[in-house]
Amino acid sequence: DAGITQSPRHKVTETGTPVTLRCHQTENHRYMYWYRQDPGHGLRLIHYSYGVKDTDKGEVSDGYSVSRSKTEDFLLTLESATSSQTSVYFCAISEEGGAGGDFGPGTRLTVL
Amino acid sequence: EDQVTQSPEALRLQEGESSSLNCSYTVSGLRGLFWYRQDPGKGPEFLFTLYSAGEEKEKERLKATLTKKESFLHITAPKPEDSATYLCAVRQNTGNQFYFGTGTSLTVIP
């Protein structure tokens, strides 16, 4: 996990509230990714970024937005959290556009 | 439909008992196939990238191979510390989608 931090590591929130998760890297990698991991589904790509202010949707992007104003930070926002967004969220980075070479430690989000 | 299927879902081995994990994929135009190891409560740890059929990669007791429709992760003489969930992922050569399998949970018994 060296070089990638996620905050917060755990969060409990209520349905309908906005939530922002932060991923910070010190590797200066171009690509950053947000995934969610759920039992029976494996890791699924939410959004990714291929540079500052350059982002694109992944497989499960509905209900999520992202922003990247600096190379080192990639934010994931749930505008109005729902119980179906209870999950473990992982950030990943890579130099090339591969499958996200290095993953962060994860954020466990519970939406009540 | 599932793009990546891993089998078995769970595998228990005695220490020293070699075996293989399977990852089959249905994406057309493979750009890369990736293997990761994930320990409980942690993020996945990158192991290998394979790009073309016939390619092999090795790291300690692990060896990954690739054919046109599947990949194998061979574990030779495993140790208890090899216990983890092993994940496979593929990327197509069109678009930027990455597809992960649900993993194989490996337990190595001393």
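What counts, and where the lines are drawn
Residues numbered from 1 in each chain as written. Chains lettered and ligands numbered in written order. Predicted model: local features only at pLDDT ≥ 70, side-chain atom pairs only at ≥ 80, totals over all residues. Heavy atoms only, no water. Helix = DSSP H or I, 4+ residues; strand = E, 2+ residues; numbered from the N terminus. Rg over C-alpha atoms; globule rule 2.2 N^0.38 Å. Buried < 20%, exposed > 50% of the residue type's maximum accessible area, 1.4 Å probe, protein only. Areas by Shrake-Rupley, 256 points an atom, 1.4 Å probe, with all protein chains shown as cover. Contact = heavy atoms within 4.5 Å. Lys, Arg positive; Asp, Glu negative; His and termini not counted. Charge placed at Lys NZ, Arg CZ, Asp CG, Glu CD. Pairing = 2+ DSSP bridges. Axes fitted to C-alpha atoms, helices over the stretch in contact; angles between N-to-C directions.

Asker: Just to check I follow, could you spell out the overall build of chain A for this structure?
Answerer: From N to C terminus, chain A includes zero helices and 11 strands. On C-alpha atoms alone, chain A measures out to a radius of gyration of 13 Å, which is about the 13 Å that the 2.2 N^0.38 rule sets for 112 residues. The 112 residues of chain A split such that 51% are buried. Carbon and sulfur atoms form 47% of the exposed surface of chain A, whose accessible area is close to 5,100 Å².

Asker: When you look at the overall build of chain B in this model, what are you seeing that I'm missing?
Answerer: The helix and strand tally for chain B stands at zero helices and 11 strands. Compactness check: chain B gives a C-alpha radius of gyration of 13 Å against a globular reference of 13 Å for 110 residues, within 12% of the reference. Dimensions of chain B along its principal axes, counting C-alpha atoms only, are 45 × 30 × 20 Å. Split into buried and exposed, the 110 residues of chain B put 45% on the buried side. Long-range contacts, defined here as pairs at least 24 residues apart, represent 54% of the contacts in chain B between residues at least 6 apart. For chain B, the accessible surface area stands at approximately 5,400 Å², while carbon and sulfur atoms represent 47% of it. One way to put it: in chain B the 12 positive side-chain charges average out to a point 5 Å from where the 14 negative ones average out.

Asker: How do you make sense of the sheet that holds strand S3 (residues 19-25) of chain A when you look at a structure like this?
Answerer: Adjacent strands of a sheet form backbone hydrogen bonds with each other and so pair up, either parallel or antiparallel. Residue and element names in this part refer to chain A. What the four strands build is an open sheet, ordered S1-S3-S8-S7; its pairing is antiparallel. Among the strands making up the open sheet, the edge pair consists of strand S1 (4-7) and strand S7 (64-70). Direction aside, the axes of adjacent strands within the sheet are offset by 20° on average. When S3 meets strand S8 (residues 73-78), the two strands line up antiparallel, connected through six bridges. Pairing of Val-19 across the sheet is with Leu-78, part of S8.

Asker: What's the story with the environment of B:Val90 in this structure? I'm lost.
Answerer: For B:Val90, the location among the structural elements is in strand S9 (residues 84-92). In this structure, B:Val90 is in contact with B:Val4, B:Tyr25, B:Val27, B:Leu30, B:Gly32, B:Leu33, B:Gln97, B:Phe98 and B:Tyr99, ignoring residues within four places of it in sequence.

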